[in-house]
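What follows is the residue order along each chain.
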Amino acid sequence: MAKRISVIVSQGQSQNPAKRKLEESIVTALMTEAGMDVTVVPHLYDLKPDGTGMLALKSISGNMIVLSWLFERAAHWILDRNGIDGHVGVVELKNETTEEDEELAAEMEEDEKERVIHSRQIPDRKIYCLDLRVSDRPSDFIDEIRRIQNERSLDVVSLGSNGGSSLPAERFENPTNQTALNRDGTGLEQAELQPATAILNRIEESAARRWYPVIDYSRCTNCMECIDFCLFGVYGVDRADSILVEQPDNCRKGCPACSRVCPENAIMFPQHKTPAIAGSEEVGGSLKIDLSKLFGAPEEGKSAEEIAALERDEQLIAAGRDAVGFSLPRRQASQQQEPKDELDSLVDELDELDL
């Protein structure tokens, strides 16, 4: 008996008939699968933190497969910002990547910068995010869900703490006693208590469309460029002095300016029309690429930072405030200009000793 796994289907924001048909076809097909707990929620990005949909997702403790009309990276970090965290599960059903994209991604993995995620404890589970825009065939998603379920089931049982061999598969299919383990790691009596067919849970929640930044902590270096740049009180810091989106609904609808100034391309706006801003697997800003082109800069040759300043000024004026351009001092710059105290001088003297 395969291990049960939770599948979440996040509906599109619109009532597009083609999208609804794909969603419902996938749900219908999943209902014939064994070991599936299926939850249907409104659009993931629009769910309220304390709403019925997000509370239902928070109650899931095991591995999850999430299908949404979002880039995989965006879906994963939307869940994370709501306290639903886990390791990124590798999916095979995705948009094709070029050889150049793979080389740049590998370069990012070799980067030795300290990321916020390095200081966090992540639960021992995986979250697999599937982009519903990748295919219009329900069978493609069902096949991928089956593949993930089988992969997780085969990984559960292993003998020996030092990487011993796994139990032979045939022993699971034909156990010789009532205490034998199943593929999901349970005893027969426990496994028999689990429902054999899928369970469906539809969450009804009035979810208005939202617009707010989502941080990818696997890229974020906590440089604080975003909190310095944003003038609408969106960002804050937690008890560990890590950046967070503190007041998401303070964000000005349609403004992606802070994502353009982030040096690591760690800030996403999942509903933006530019893929790199919406959460596609584009490379980080720290690599030597043309960020202006990446973020859809106009042909006049303005940099990403100049475009961001213009976008911010636009929103300031719309809110009845004065434009500021790009003249605000940076946090790091202001810190460097502070006069040295006695402790700084002592540290300098120790450095000169070259101990």
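These numbers come from a predicted model, not from an experiment.

1. A few points about unusual backbone geometry
Peptide bonds are, in most cases, trans, and in most cases residues other than glycine have a negative phi.
Right, so step 1: Here Asn222, not a glycine, exhibits a phi torsion of approximately 65°, which is positive.
Right, so step 2: Here Asn222 lies in the loop between strand E7 (214-215) and helix H8 (225-229).
Right, so step 3: Unusually for a residue other than glycine, Met224 sits at a positive phi of about 70°.
Right, so step 4: With respect to the helices and strands, Met224 occurs in the loop between E7 and H8.
Right, so step 5: Accessibility expressed as a relative area gives 11% for Met224, which makes it buried.

2. Some words on the sheet that holds strand E2 (residues 36-41)
Right, so step 1: Taken in spatial order, the 6 strands line up as E4-E5-E3-E1-E2-E6 in an open sheet, and their pairing is parallel. Two strands lie at the open edges of the sheet, namely strand E4 (87-88) and strand E6 (199-202), each paired on one side alone.
Right, so step 2: Of the strand pairs in this sheet, strand E1 (residues 5-10) and E2 are connected by 6 bridges, and their pairing is parallel. The partner of Ile5 across the bridge, within E2, is Met36.
Right, so step 3: Where helix H1 (residues 17-30) meets the sheet, it contacts E1, E2, strand E3 (64-68) and E6, and its direction lies at approximately 160° from that of E1.
Right, so step 4: With respect to the sheet, helix H3 (residues 72-81) is in contact with E3, E4 and strand E5 (126-131), its orientation differing from that of E5 by roughly 135°.

3. What about the layout of surface pockets?
Right, so step 1: Approximately 280 Å³ is the volume found for the second largest pocket.
Right, so step 2: Of the residues that constitute the lining of the second largest pocket, the class distribution is 10 nonpolar, 3 polar and 5 charged.

4. Considerations on the packing of aromatic side chains
Right, so step 1: Counting across every chain of the model gives 3 aromatic pairs.
Right, so step 2: When the ring of Tyr45 is compared with that of Tyr212, the centres are 4.3 Å apart and the planes differ by 25°; the resulting orientation is stacked. With a gap of 167 residues between them, Tyr45 in the loop between E2 and helix H2 (52-58) and Tyr212 in the loop between E6 and E7 connect regions that are remote in the sequence.
Right, so step 3: When its relative accessible area of 1% is taken as the criterion, Tyr212 is described as buried.
Right, so step 4: Relative to Phe269, the ring of Trp211 has its centre 5.1 Å away and its plane inclined at 20°; by these criteria the two rings are stacked. A residue pair is termed long-range when its members are at least 10 positions apart, and Trp211 in the loop between E6 and E7 and Phe269 in the loop between strand E10 (267-268) and helix H10 (275-278) qualify at 58 residues. Of the two residues, Trp211 and Phe269, both sit in the buried class.
Right, so step 5: The positively charged end of Lys19 is found above the aromatic ring belonging to Trp69, 4.9 Å away from the centroid.
Right, so step 6: Taking the ring centre of Phe232 as reference, the NZ or CZ of Arg321 above it sits at 5.3 Å.

5. Some points on the pairing of E3
Right, so step 1: Burial runs high along E3: 5 of the 5 residues are buried.
Right, so step 2: In E3, alternate side chains face the same way, and those of Met64, Val66 and Ser68 on one face and Ile65 and Leu67 on the other are all buried.
Right, so step 3: Looking at chain direction, E1 and E3 are connected through 4 bridges and run parallel. The residue of E3 that forms the bridge with Val7 is Ile65.
Right, so step 4: Note: E3 against E5, 5 bridges, orientation parallel. Considered in E5, the bridge of Leu67 is made with Leu130.

6. Some thoughts on the pattern of salt bridges
Right, so step 1: A complete count under the given rule lists 19 salt bridges for this structure.
Right, so step 2: In this structure, Arg147 and Glu151 form a salt bridge, with 3.2 Å as the shortest nitrogen-oxygen distance. You can see Arg147 and its partner Glu151 sitting in helix H5 (residues 138-156), 4 residues apart, about one turn around the helix.
Right, so step 3: For Arg147, a relative accessible area of 21% puts it in the partly exposed group.
Right, so step 4: Under the relative-accessibility criterion, Glu151 is labelled partly exposed at 29%.
Right, so step 5: Each of Glu92, Glu144, Arg147 and Glu151 takes part in one network of salt bridges that share partners.

7. Considerations on H1
Right, so step 1: Along its 14 residues, H1 runs 20 Å from first to last C-alpha, staying within 8% of the 20 Å computed at 1.5 Å per residue.
Right, so step 2: Its side-chain oxygen 2.9 Å from the backbone nitrogen of Ala18, Asn16 forms the N-cap of H1.

Reading guide: rules and limits
- Residues numbered from 1 in each chain as written.
- Predicted model: local features only at pLDDT ≥ 70, side-chain atom pairs only at ≥ 80, totals over all residues.
- Heavy atoms only, no water.
- Helix = DSSP H or I, 4+ residues; strand = E, 2+ residues; numbered from the N terminus.
- Buried < 20%, exposed > 50% of the residue type's maximum accessible area, 1.4 Å probe, protein only.
- Pairing = 2+ DSSP bridges.
- Contact = heavy atoms within 4.5 Å.
- Axes fitted to C-alpha atoms, helices over the stretch in contact; angles between N-to-C directions.
- 1 Å grid on protein atoms, 1.4 Å probe; cavity = no way out; pocket = protein on both sides within 12 Å on 5 of 7 lines; lining within 4 Å.
- Points joined across faces, edges and corners; volume = space filled by probe spheres on them.
- Nonpolar A, V, L, I, M, F, W, Y, C, P; charged D, E, K, R; others polar.
- Phe/Tyr/Trp six-rings, centres within 6.5 Å; stacked < 30°, edge-to-face > 60°.
- Lys NZ or Arg CZ within 6 Å of the ring centre and 35° of its normal.
- Salt bridge = Lys/Arg side-chain N within 4 Å of Asp/Glu carboxyl O.
- Expected span 1.5 Å × (residues − 1).
- Polar contact = N/O pair within 3.5 Å; in protein donor to acceptor, adjacent residues only side chain to side chain.

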